[in-house]
Amino acid sequence: MKKDILAIFAIVLIIAVIINGTEIQSVEEYYLTHIDDITPESETVTISIRCDAVLDNYDDLDENLRSEEFVPPDGEILPPTEYVLRDGDSVFDILDRAVRHDRIQMEYQGADKNKFGSVYIQGINYLYEFSCGPLSGWLYKVNGQFPNYGCSEYEPKDGDVIEWVYTCDLGKDAGCGWLQGRQGE
Amino acid sequence: MKAFDEIDPVAAAVYFVSVMLVGMFISAPMIQLFSLLGAAAFCLIGGRGEIKSDLGFYIPMFIMIALINPLFSHNGVTPLFFLNGNPVTLEAVIYGIVLAVMMTGILLWCRNFTKVMTSDKLLYIMGRAVPALSLTVSMALRFVPMFKRQMKKVSAAQKGMGLYSSKSYTDRIRGALRVFAAMVSWSLENAMETSCAMKARGYGLKGRTNFAIFRFTLRDCIFTVTTLLLLAAVIGGYALGYIDFYYYPRISAADINAGSAAVYVSFAVMAFLPFMIEVKEALKWKYFVSKI
């Protein structure tokens, strides 16, 4: 019977480690994000989220998403909004703060979960990768350019304009050339 | 003898394939509910297997599947709470429950299938066309029950020798592992012996004749045509979009109209067909007995 006690102890230990590693938040706690007030001397960036490409390829869109609730008729999920740029903020940190503040759904794959070592945005506002054809997903622009970095690797500067755009054709329809190997054109 | 065992193997196979096809690929909640209920009713009335003792397996499996889905799927418009920054949504929970119903239903159908379609029936259906495959399939299907039976024997022998007979769970697990290791080599050997024996009897050779008692009667014909008509109604209704149902990101409102109702009724009849046959035969038997 001594062995049984040891086995139970081991199981309890494993459960304790698992519970200790999980953080449970209520919905209110999750969305309760502190946004710094914009003062004249604070550094800011502008962020917007758009899904115009979906409107052009509405026939490819998953049927369960064909509603104005998920695809706004003007393609604007988040209008250009100014947010305070904190020290060391990456594009992902800004996006995370913005979607929490505006209560927009967003799902991402953590930087430790893929081989690129950067956060990957799977879906914003229920619009996921592959939701609108096999070549669809989310991309971001900074000042009109597509930086060739993961969104948690790129640190924007004061006054930068970040745009998150949805593509249905590997970035071609959003004006992004580097996925076709034509960077710098 | 149970009534459904008397049905021609081809008719029974057509029935099982159709009902499992619908149960596996159409995730509308009503379809899944009927699939599970039909399979459970068939299991119970046929007295096929010890379903009560198996509840200890099906209920934990059901709960596990229902819990695992919301942990990995974060889509859905109604977050309940957030786990490590990821939402656990109502939609994912509901879809998890539907998935669990689907899995349990299909497992019960498979269980009915193995009880009805014995090795001789499988060999009868496919034996001539694909001898090697049908032998493999029939061996695979009777593998688990045979494994169970042999395992009981081996563990009884171990216990008889006084090994691992203490009350400690750790000891019991170690004993079970030892029995399992013995069983793996036994089953490999057994499979080889079976195939050698079949080869020695000339199985699959050209010109070898088979004898089978099965005859495709009018009743089997009616049963098969009914099955196929109901299947056509369900698949047709599905193709026309009568029973479209979405779980993500927002659960679609249940749309009950004449078309969807017809599809649901067709599938309900289909799922309860074996149950109805068993009930009919049981009533007939009672009636005849009462006249004696």
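Residues numbered from 1 in each chain as written. Chains lettered and ligands numbered in written order. Predicted model: local features only at pLDDT ≥ 70, side-chain atom pairs only at ≥ 80, totals over all residues.

Asks: Before we move on, could you go through the overall build of chain B and cite the residues and values that matter?
Replies: When helices and strands are tallied, chain B shows 11 helices and 2 strands. The order of α-helices and β-strands along chain B, N terminus first, is α-α-α-β-β-α-α-α-α-α-α-α-α. Viewed in the frame of its principal axes, chain B has a C-alpha envelope of about 60 × 60 × 50 Å. Sorting the 292 residues of chain B into buried and exposed places 25% on the buried side. Contacts in chain B between residues at least 24 apart in sequence constitute 72% of all its contacts with a sequence separation of at least 6. (Helix = DSSP H or I, 4+ residues; strand = E, 2+ residues; numbered from the N terminus. Buried ≥ 20, exposed ≤ 12 C-beta atoms within 10 Å, placed from the backbone. Contact = placed C-beta atoms within 7 Å.)

Asks: Tell me about helix H1 (residues 9-25) of chain B, and name the residues and values.
Replies: With 17 residues, H1 of chain B should reach 24 Å at 1.5 Å per residue; the first-to-last C-alpha distance of 24 Å fits that figure. Buried-residue contacts for H1 of chain B involve helix H2 (29-45), helix H4 (90-116), helix H5 (119-126), helix H9 (218-239), helix H10 (258-271) and helix H11 (273-291) of chain B. (Expected span 1.5 Å × (residues − 1).)

Asks: Give a description of the sheet that holds strand E6 (residues 127-128) of chain A that names residues and reports values.
Replies: Residue and element names in this part refer to chain A. Spatial strand order, E4-E5-E6: 3 strands in an open sheet with antiparallel pairing. Edge positions in the sheet fall to strand E4 (106-109) and E6, since each has one partner strand and no second. Examined bridge by bridge, strand E5 (residues 120-124) and E6 share 2 bridges and lie antiparallel to one another. Each bridged residue has a counterpart across the sheet, and for Gly123 the counterpart in E6 is Tyr128. (Pairing = 2+ DSSP bridges.)

Asks: Summarise unusual backbone geometry; cite the residues concerned and give the values.
Replies: In this structure, Pro249 of chain B follows Tyr248 of chain B across a cis peptide bond, with omega equal to -15 degrees. Its place among the elements puts Pro249 of chain B in the loop between H9 and H10. Phi at Asn143 of chain A is positive, roughly 50 degrees, even though this residue is not glycine. Structurally, the position occupied by Asn143 of chain A is in the loop between strand E7 (137-142) and strand E8 (161-167). The class of Asn143 of chain A is partly exposed, set by 13 C-beta atoms lying within 10 Å.

Asks: Tell me about the environment of Asp158 of chain A, and please be specific about residues and values.
Replies: Residues and elements named next belong to chain A. Tracing the backbone through its elements, the reader meets Asp158 in the loop between E7 and E8. Taking the C-alpha atoms as reference, Asp158 lies 5.1 Å from Glu43; in sequence the two are 115 residues apart. Aside from chain neighbours lying at most four places away, what touches Asp158 is Glu43, Thr44 and Leu85.

Asks: So, the packing of H1 of chain B against H9 of chain B: which residues are in play, and what are the values?
Replies: Residue and element names in this part refer to chain B. Look at H1 against H9: their axes get within 9 Å of each other, and the N-to-C directions meet at 15 degrees. With respect to H9, the axis of H1 lies roughly parallel. For the crossing formed where H1 meets H9, the hand is left-handed. Contact residues: H1 offers Ala11, Val14, Tyr15, Ser18 and Val22, while H9 offers Asp220, Phe223, Thr224, Thr227, Leu231 and Val234. Classifying every residue of the contact of H1 with H9 by side-chain character gives 7 nonpolar, 3 polar and 1 charged. (Axes fitted to C-alpha atoms, helices over the stretch in contact; angles between N-to-C directions. Parallel < 35°, antiparallel > 145°, perpendicular 65-115°, else oblique. Left-handed = near helix turned anticlockwise from the far one by under 90°. Nonpolar A, V, L, I, M, F, W, Y, C, P; charged D, E, K, R; others polar.)

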